[in-house]
Every structure is written in C-alpha cells, then in structure tokens.
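Read off the chains here:
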Amino acid sequence: MKRIFPLAAACLMLTGCGAQHANEKHSRDVFAMDTYMLLTAYGNDSVNEPLIRAEEKITALEHMLSVTDAGSEIYAANHAGGAPVTVSGDTAAILRTAADVSAESGGALQISVYPVVQAWGFTTGSYRVPGEAEIAELLQNVDDTRILIEGNTLTVPEGMQIDLGALAKGYTGDAVTALLREAGITSAIVNLGGNVQTIGTKPDGSKWAVGIENPFGGDQLLGTVHVGNKAVITSGDYERCFTAEDGTRYWHIIDPADGAPADNGLRSVTVIGESGLRCDALSTALFVEGTEKAIAHWRACDDFEMILVTDDRLFVTEGIVNDFDAGSVLPWEEITR
Ligand code: AMP
Ligand code: MG
C-alpha cells in the first residue's frame, strides 16, 4: 500500500506538468520557395513532430512545383516541346484554380507570363528594363487559355513557359494547415512570406491578429485583421522591386496586357478567405486588375473579402470591416455589395 502513494503522486505531478504545457508555443523556421517561413503551433511537445512533417511537405512541394528545378513537374511540362506530361493531383489542382481565376479576372492572372517576369530579372535578381520589341515578342506566347489540363495530364504549348509563383505558396499553406489539423492541432499560424494561414484561434480563444504591411516603408502597420481558420494573403509592389538608373521603380507583378509592372495606383491587395490557393491566385489577379475592376470582381464573388491599399486610402470590403482595426497611416473606406 505504502508504495502506491508516491507513484500516484508522481503521476499527478506528470499530469499537472502536461496540462501546464498544453498550450506552449512551438515554432519552426523554414526557408523554401525563396521565402522565409515561420510555422507556429500551440500544444504540448507532440506538436513538434507534425511541424517537422510540415517542413518536409513544403520541401516536397517546392521540388514538385519549382520552375527552375530540373526534376519538377512544371520543368517537365515547360521542356516537353508541347507534348503532354502527367502531373500530380497537387499540380493539377493548382492549375485548375489558376485557369478559373485567370478567366474570372479577364486574364489578369496569366501563369504563362513567366518569360516576361524573367526578362525583367525578377526570377534571378539581375534586374533590367527590357525593350518594347523584346516584350512584344515574349507576349506572343502569353495566353493561359492555351494551357491544357485534363485530369492529370498537362500540356504546355511549344514556346510557352508557365510558373506557379503567383499561387503555389497559397496551396502550400493549405497543405501545411491540413497536415497540422489532421495531426490534431487546433491552434496554429503559418506565415509563408506575405501569406498567413491560421488554424482555430489563439490558445486563449481570441482571433489571430494579422498586420497589413505598410507598402510605403516604415514600421507602422496600415491596419490589423482578426481571423480564425482563414488565409490572409497579400500581394504588394514592395515585395520584390528595383529602381532603375532614371529613378523609376519597377516591381514583380506584371500586367499581361503590356508586359510591364501593373501600375494602376494599387500598392497592395490583401485577400481573406478559406482557401489559401484561391486567395493567393486572387491577390495577384486583383493587384493587376486595379481598384475599380477589383471591386467589381469582389462583388461578383461571395467567397473572399479584401483590403485594397492605394497611395491615399484603404478600401475594406464589408464582410471584414468588423474584424478590421485601422492604423493611423491612411484613412479607409468601406466597400459594400
Ligand atoms: P504574388 O506575390 O502571389 O502576387 O505572386 C507574384 C509572382 O507571380 C511574381 O513574383 C511572378 O513570379 C508571378 N507573376 C507576376 N505577374 C503575374 C501575373 N500577371 N500572373 C501570374 N503570375 C504572375
Ligand atoms: Mg498571389
């Protein structure tokens, strides 16, 4: 009898410790897809293993989706000389969303604009301003409607090259949050560069706070959105850009209409919704569309909210207004249906 008591006491202490650490923060830094990523999950030590598997998943997707990795599915399709190639369900799902968002944005999203992005040096960092004739020639092979995706068979026409950079991180965020959810994690936030995806709420039950970065530089946020179980995905002109010798600034999101950086007064677009993949595709498309078309696009859909940043104001759609805290940098306006 005597021996049972100390054992019981030890058990109690262990349980006590477990409960105390149940909501500990566990983080993992990952560098992949040319991006610093931070995966954070709350729970006891058992959340570390799914975080490691999440990193492995990110690396596997990078290998599968990269445009430069000679072993990737995209590389194979781009170098097949117009012949069909078999791709994974992941790649097929991304391509179908790209086609949908390209169609609903009037062609603002064009994954086949890649050679133009390359000509500006955004893929390597060797920046340059390509000449008009060079851009005109490259634009002849920019047309996403000619990409064929039937089941798991992808055909990229000869002379065309595609890149999923506009939406691959959103898909990756979906894959990571699905993996963490399946492992039983109920509180997590993953930050893949400008893409934030969340599971549940913070351990205290409150929503996650995601800051809207200031495209004009400076530390002050333009505002904060509060979300649970949502993706918050931003495209901005400040993320990858360079200033030419004449002082003109150029950035990485290209308007397929003229092959130059989309220059319509929008500085950033943040899209909030359930699917990281769709939100990522939309953030790039809406940035190219510009304020007016972006608002019309939002009105035609019912599955996302957005925050548009221009030089002098923010536009915030009605479905997110109650979860939005404005900063003091710019005034904001509500957009209604
Ligand atoms: P994001 O940061 O999600 O807006 O993605 C921007 C990236 O998508 C760029 O760095 C380019 O690699 C690529 N990109 C640029 N313009 C377009 C476009 N109009 N359609 C599709 N992809 C684009
Ligand atoms: Mg995007």
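These numbers were taken from a predicted model, which means no experiment stands behind them.

Conventions adopted
Residues numbered from 1 in each chain as written. Chains lettered and ligands numbered in written order. Predicted model: local features only at pLDDT ≥ 70, side-chain atom pairs only at ≥ 80, totals over all residues. Heavy atoms only, no water. Helix = DSSP H or I, 4+ residues; strand = E, 2+ residues; numbered from the N terminus. Buried < 20%, exposed > 50% of the residue type's maximum accessible area, 1.4 Å probe, protein only. Contact = heavy atoms within 4.5 Å. Areas by Shrake-Rupley, 256 points an atom, 1.4 Å probe, with all protein chains shown as cover. Donors = N, O, S within 2.8 Å, 3.2 Å for Na, K, Ca; no water. Near = heavy atom within 4 Å. Polar contact = N/O pair within 3.5 Å; in protein donor to acceptor, adjacent residues only side chain to side chain. Nonpolar A, V, L, I, M, F, W, Y, C, P; charged D, E, K, R; others polar. Salt bridge = Lys/Arg side-chain N within 4 Å of Asp/Glu carboxyl O.

(A) Summary view of the overall build of the protein chain. Looking only at helices and strands, the protein chain features nine helices and 19 strands. C-alpha atoms of the protein chain, sized along the principal axes, occupy 90 × 50 × 40 Å. Residues counted as buried form 49% of the 337 residues belonging to the protein chain. Long-range pairs, those at least 24 residues apart, make up 57% of the contacts in the protein chain between residues at least 6 apart in sequence. With the model as given, the accessible surface of the protein chain reaches about 15,800 Å², and the carbon-plus-sulfur share is 51%.

(B) Representation of the coordination of the magnesium ion (ligand 2) within the structure. Around the magnesium ion (ligand 2), the protein contributes the donor atoms Ala166 (O), Asp280 (O), Asp280 (OD) and Thr284 (OG1), which lie 2.2 to 2.4 Å from the metal centre. We note that the donor set of the magnesium ion (ligand 2) lies within a single chain, spaced as A-x113-D-x3-T. Of this pair, alanine 166 sits in the loop between strand E5 (153-155) and helix H7 (168-182) while threonine 284 sits in helix H8 (residues 276-289); the two residues are 118 residues apart in sequence, bridging distant segments of the chain. Residue alanine 166 is classed as buried on the basis of its relative accessible area, which comes to 19%.

(C) Expanded view of the site of ligand 1. The immediate surroundings of ligand 1 are formed by 17 residues, with Gln110, Ser235, His252, Ile254 and Thr284 found nearest. Separating an oxygen atom of ligand 1 from a side-chain N or O atom of serine 235 is a distance of 2.5 Å. Measuring from an oxygen atom of ligand 1, one finds a side-chain N or O atom of aspartate 280 at 3.0 Å. Burial of ligand 1 by the surrounding chains reaches 91%, relative to a free accessible area of 500 Å². Here the shell around ligand 1 gets three residues from one element, more than from any other, and that element is H8. Partitioned by chemical class, the residues of the shell around ligand 1 number nine nonpolar, five polar and three charged.

(D) Main features of the pattern of salt bridges. On inspection of all chains with the given rule, the structure shows 12 salt bridges. Two residues, arginine 267 and aspartate 237, come together in a salt bridge whose shortest N-O distance is 2.5 Å. Residue arginine 267 is located in strand E15 (residues 266-273), and its partner aspartate 237 is located in the loop between strand E10 (231-236) and strand E11 (241-243); the two are separated by 30 residues in the primary sequence. Judged by relative accessible area, which is 14%, arginine 267 ranks as buried. Taking relative accessible area as the criterion, aspartate 237 reaches 1% and is therefore assigned buried. Glutamate 333 serves as the salt-bridge partner of arginine 313, at 2.8 Å between the closest nitrogen and oxygen.

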